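Each chain, written out:
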Amino acid sequence: MPVSLLWAVDVYGRVFSLSTGGQQWEHCCDAVLEFKRLTAVQQCCWGIACDHHIYLNVHASDVPIRYQEEAYENQRWNPVDNFSDRLLPSDRWQWSDITGLEHKPLDGFLLPSTNWEWEGDWYIDENFGGEPTEKGGWTYAIDFPATYTIDKKWNSCVRRRRWIRYRRYKATDTWAKIPSEGQSGPLPDPFNDISCGGWEISEEPRGRLSLWAVSLQGKVWFRGGIHHHTPEGMSWEEVSLPGEVVQISCGPGDLVWAVLWEGQLIVREGITRDCPQGSSWVVVDSPNPEVGTIHVAVGVSVVWAVTKDNKVWFRRGINSHNPCGSGWIGMVGEMVMISVGLNDQVWAISREDRAVYFRQGVTSTELSGKAWKAVSVPRDGDIRPNSSTSTSSLHSAGCFFSGEVRAQSVMSEDSDTEADPQRAVHEMLSDRETKRDGAAATSIPEEEVTPGDAEAKSPPPALVLSPSQSGGPGDPQWSTVDLEEAQTHLAVGPAAGRGDSSDTCSLSSVVTCMLGLEGLYGPDDHPLWAWVSGGGCAVDCHTQLNWFNSVTALTSSIQAMSLSVSPAQTAAWRKQIFEQLNERSKREIDNFKHYEQAIEQSVWVKKGTMQWWRDWKPHKWVDVRFALEQFSGPEGHKDGIVFLYYNFNEEKKYLHAFINEVTILVPVLNDSKHTFAIYTAERTKQRWPIKLAAATEMEMHDWLALLSVSCCDSRGIQGPPSKQAIWSITCKGDIFVSEPWPSLEACPYPTPCDQMFWRQVGGHLRLVECNSVGVVWGLGYDHTAWVYTGGYGGGFFQGLASSTDNIFTQTDVKSVYIYENQRWNPVTGYTSRGLPTDRYMWSDATGLHECTKASTKPPSPHWTWVTEWAVDYGVSGGTDREGWQYAADFPTSYHGYKTLKDFVRRRRWARKCKLTTTGPWQEVPPIPLSDVTILPCGDQSVVEQIPLWAISNKGDVLCRLGVTLLTPAGTSWLHVGTDQPFKSISIGGASQVWAIARDGSAFYRGSVSTQNPAGDCWYHIPSPARQKLKQVSVGRTSVYTVDENGTEMFPRYYSFARLSVYVFNVALSVQVWIIADKVQGSHSLSCGTVCHRLGVQPMEPKGQAWDYGIGGGWDHITVRGNNIEAPRVRMPSLTDALRPPSTLAARPLPAGNTENGNAVQC
């Protein structure tokens, strides 16, 4: 999970942030003003400062926020001036938008605010529909408006060209003021509360947010137009109310609650994609009618509230169909405010000690959680050298104040004068250590409270510190503190409210101690928080946080231990331990070398019962007995046989396969059974594996792990994959690797690729990319980037089948889609009653399989639903306001608007599911990617940088800096500007970078080198006639592409394979591999087959024929790490026949990276 931030404001208005991977609060030094309220999401944070104005802090990213402004220049032809600016009165404007209805002169474009800047001047777009135009960028048509082409014809009477200019948002990581202006002018009163959310209402436009604010007069305002390209929004719009509001809360979805002055709550209804501000309010009573509500916080499906007596309440029954819920449940604890973040996690600020508390145990099945736990981490600068004495003394004195500190003091730098009073306080309260520790509970058990049992409690008296009248400014300053008044603050959090007088410190005396003037807090003071916001903090029940450790105590203990052990003693201990290990090794091994082995050969058998998908018709599942017999020889070599016993016509028969002939073990998708397939070379040719089903998922995983280890032992393969390994991904997201053989590319008789052995690596990915030095990157279905750590195993591989280190938790999220289909009839319009020949009214994309909301399940039991079904508006071709696409009949091309000829329509529903597994992968935050490529170069030093390029899910081109053998994840991203979004990229020999834009056009990046890793500019390469490209792969001397029809091509665009190509990959050593569909002879099990192009040479890039390998559900393959050269057969020449044999034997073949006998570098 990527690192995210928890934001908070202390009682002095200072803003702090706490990272999910950190252990201290970081002060936001850019905040010049003091802040009152904050509301945060993952990409930004909004706040209200002391001047009652709203400020925005957008988090800096390696990909800048850029917005493309465009204008069209229109001209008409006349016999006198040819094409000119003289247009007819009925024509469009000379400078207009794409429709021609809006006047847009170039000098009329202004920056939205001072937070933006222009990247450059206006320039002409010379790309039209993926094809380059003539110089000048003009496109021609008969008249306005019409269909434009790049070719000028005899009847072309009008023409136009597009001008482009980019503006960039520059106010990142700083607080930018948002103007308080509505549609009719400045707002009448300033703001008092703010809440941000609504990003789950719609994914279009990208980064869309809803911002709600409350003014001092109790009015509610909604700010619209907030999305990725306009992070500040457009303007404020007032929302009608049934009363005056004091506080409001907005969740990630359509949940908005507010608190009225009278203590009641109101819920906003009618929030949709087209109406994000909602339509009406519904009043909900306070949890305690006698005590009104003062604060409310909402999430995805939860609502928390705080009443005036600081009691905490949880609202049950909240969902998308019932935003008002059904009832209140009283929770333990007294809080002043609550914040609900991502995954419905909860943070709060305690009334007693003003500390931040985290709600533990919040899961999807137990939304109310179990207990409160204090976030006990220091602020930046709190842990300082030589401050352990002051730490213990101030904690012993119990100087935790909940009041307002009205004076600041300067701490003396004289350590002698500081030690005595601190030690005095520590000694006076030493006898209270035990009682105080017992009262300071860090975890509060949960219990339910009814509204009738709630009792109001008066807050403790505030403790005010006043500066003493000391001599000069250099003298240490003192303050008199009444510890009797502060004794109630010794207990931590809400637990103090239940303790009696015997559980707290009863010391009543006056102690004189020093107060530091270098800050509002001393290095050991307890921070007093006023507000917390977890809307952008991504935490779930599996997240390991470091927020609950005592950093100060740990630091002091480490310092004490380091001071007690000298370097000389450490060196002596190491030498002694090393000698003892050597002596034990000699006793246990060396003294018994002359003995023979007691057992020269061993055999063991594992048996079980399964179901087998019968080979012959009628195909069906039959019960079989399954056995694995493994034996080891005297030299340690292991081998085995798999037996499958079944009955046919009351006759016992069996099927067997040698372990050393098994090429791959693959888990198979099946709705009702836990199925896996066993492939051999012969069965790969037949496209018919041995398909088995286990009774339980655990049993299937046990068999897969055991068979995988046996296959690896029989082939002598152990440990992680080699640097030259070939990586592949199945349609399930499983990761497989194969160790390449030099004979794969041998001429004229290469080894068939159906004999390659594939073994599974833990993890879950959608795409993988590697190079020959061992750098491997992968992308998940949720576009998260992962880097290979060098381990092996994970997932269901345990024990010897998995490495003990470099295995990390990996998550992935994907969407499951179903389609709702309807047909029009003249009586009722569009209904779910179709013709008998129509597809199912709820189906998959093909319409051949029925898929309803109730019957559709996640891809496998490992996946769990994380959202509900929702209409997907991001379908190719567009949709109307309700998500429908229209067509003349099923199936045909769909469009997002209705015409008179459209008799059918459909809309897509989406639901997200999540997978949690383990594998040798570490996340590379924070930018989601859609494609990645690594330079497939030869051996290099560990510090030399490796070129890596990627494309974000938004289409931005990125160059990764700092990628080396020691740091394969790199350090930072460098944004490479483009005129349009891209979808595929590849880097090959000599740092050649090629890319495919989303419109299907090809581009080449010029001047890419080690000194200039991002290059200089893009060159538009003409595409084949009437073809749109979708993928590119670059080798050493060749560039291969695939068009949208699945035809593979080279730079000269000779089409040679009419295969349905999913994805293909080209190695630096001229190897071409693809994933093809509908290969002749394949069964319904396969939806992707690994194919290898034979005979590919630098002078013959087209190759000769296809060699079909493993088939059955493959989605991706990469061979860019394989730089093993094929053995070449030297044909004897006439001059060789005249030479002595010794001369011929002394001439070795060139080694390393060679091409036609010549050395070649990357």
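Residues numbered from 1 in each chain as written. Predicted model: local features only at pLDDT ≥ 70, side-chain atom pairs only at ≥ 80, totals over all residues. Heavy atoms only, no water.

> Provide a residue-level description of the confidence of the model for the protein chain, including the pertinent values.
Residues of the protein chain with pLDDT of at least 70 account for 77%, and the chain-wide mean is 79. Per-residue pLDDT stays below 50 along residues 384-519; that stretch engages in 200 contacts with residues further than four places along the chain or on separate chains. For residues 1051-1062, every residue scores under 50 in pLDDT, and the model assigns this stretch 42 contacts once sequence neighbours within four places are set aside. (pLDDT = per-residue confidence, 0-100. Contact = heavy atoms within 4.5 Å.)

> So, the UniProt feature "domain: Peroxin/Ferlin" (unreviewed entry) in the protein chain: which residues are in play, and what are the values?
Mapped onto the present numbering, the UniProt feature "domain: Peroxin/Ferlin" (unreviewed entry) falls on residues 64-125, 137-170, 811-872 and 883-916. Secondary structure content for residues 137-170 is 0% helix and 44% strand, while the C-alpha to C-alpha distance between its ends is 30 Å. The span residues 883-916 carries 0% helix and 47% strand; its end-to-end C-alpha distance comes to 31 Å. (UniProt positions renumbered as here; feature names shortened; annotations may be inferred. Helix = DSSP H or I, 4+ residues; strand = E, 2+ residues; numbered from the N terminus.)

> An account of unusual backbone geometry is needed here, citing residue identities and associated values.
A cis amide bond links Phe890 with the next residue in sequence, Pro891, at an omega value of -25 degrees. Structurally, the position occupied by Pro891 is in the loop between strand E56 (885-887) and strand E57 (904-919). Backbone torsion omega between Pro925 and Pro926 reads -5 degrees, so that peptide bond is classified as cis. Considering the arrangement of structural elements, one finds Pro926 in the loop between strand E58 (921-924) and strand E59 (929-934). Phi at Asn82 is positive, roughly 60 degrees, even though this residue is not glycine. When you line up the elements, Asn82 lands in strand E8 (residues 82-84).

> Give me the state of the cysteines: which residues, what numbers.
Applying the stated criterion across every chain yields a total of 0 disulfides. Residue Cys753 stays outside any disulfide, its sulfur separated by 7.3 Å from that of Cys1091, the closest cysteine. (Disulfide = S-S within 2.5 Å.)

> Residues and numbers for the side chain of Arg208, please.
The residue Arg208 is located in the loop between strand E19 (191-197) and strand E20 (209-215) in this model. Buried charge without a partner: Arg208 forms no salt bridge, and the closest opposite charge is Asp274, 6.1 Å away. A polar side-chain atom of Arg208 sits 3.0 Å from the main-chain carbonyl oxygen of Arg273. Contact partners of Arg208, with chain neighbours within four places excluded, come to Gly198, Trp199, Ser202, Ile226, His227, Arg273 and Pro276. (Buried < 20%, exposed > 50% of the residue type's maximum accessible area, 1.4 Å probe, protein only. Lys, Arg positive; Asp, Glu negative; His and termini not counted. Salt bridge = Lys/Arg side-chain N within 4 Å of Asp/Glu carboxyl O. Polar contact = N/O pair within 3.5 Å; in protein donor to acceptor, adjacent residues only side chain to side chain.)

> So what's going on with the environment of Ala705? Residues and values would help.
Relative to the assigned elements, Ala705 resides in helix H8 (residues 697-715). In the structure, Ala705 is positioned 92 residues away from Phe797 in sequence and 5.7 Å away in space, judged by C-alpha atoms.

> Break down the pattern of salt bridges for me, with residues and values.
Taken as a whole and assessed by the stated rule, the structure comprises 24 salt bridges. For Asp274, the salt bridge goes to Arg881, with nearest N and O atoms at 3.5 Å. One end of the pair, Asp274, is in the loop between strand E25 (265-269) and strand E26 (280-284); the other, Arg881, is in the loop between strand E55 (870-872) and E56, with 607 residues separating them in the sequence. We note a salt bridge from Glu334 to Lys311, for which the minimum N-O separation is 3.7 Å. With Glu334 in strand E30 (residues 327-340) and Lys311 in strand E29 (residues 311-316), this residue pair connects regions lying 23 residues apart in the sequence. Each member of the pair, Glu334 together with Lys311, is buried. Sharing partners across several salt bridges, the network here consists of Lys311, Glu334, Arg351 and Glu352.

> Let's hear about the sheet that holds strand E1 (residues 5-10): which residues, and what values?
Here 4 strands make up an open sheet; going across it, the order is E3-E2-E1-E37 and the pairing antiparallel. Both outer strands of the open sheet, strand E3 (26-27) and strand E37 (529-533), are each paired with one neighbouring strand and no more. In this structure, E1 lies alongside strand E2 (residues 15-19), joined through 5 bridges in antiparallel fashion. Pairing of Val9 across the sheet is with Val15, part of E2. (Pairing = 2+ DSSP bridges.)

> Outline empty space enclosed by the protein, listing residues and values.
According to the stated counting rule, one finds 9 cavities of 30 Å³ or more in the structure shown. Estimates place the volume of the second largest cavity at around 270 Å³. In this structure, the second largest cavity is lined by 29 residues; those nearest its centre are Thr39, Ser195, Ser249, Ser339 and Val340. Of all elements in the fold, only strand E4 (35-40), E19, strand E23 (245-250), strand E27 (293-298), E30 and E37 reach the threshold of two or more residues within the lining of the second largest cavity. It is E19 that contributes the most residues to the lining of the second largest cavity, 5 residues altogether. (1 Å grid on protein atoms, 1.4 Å probe; cavity = no way out; pocket = protein on both sides within 12 Å on 5 of 7 lines; lining within 4 Å. Points joined across faces, edges and corners; volume = space filled by probe spheres on them.)

> Can you explain the pairing of E4? Please cite residues and give values.
When you tally the buried positions in E4, you get 5 out of 6 residues, the bulk of the element. Adjacent in sequence and paired antiparallel, E4 and strand E5 (residues 44-49) are bridged by 3 residues.

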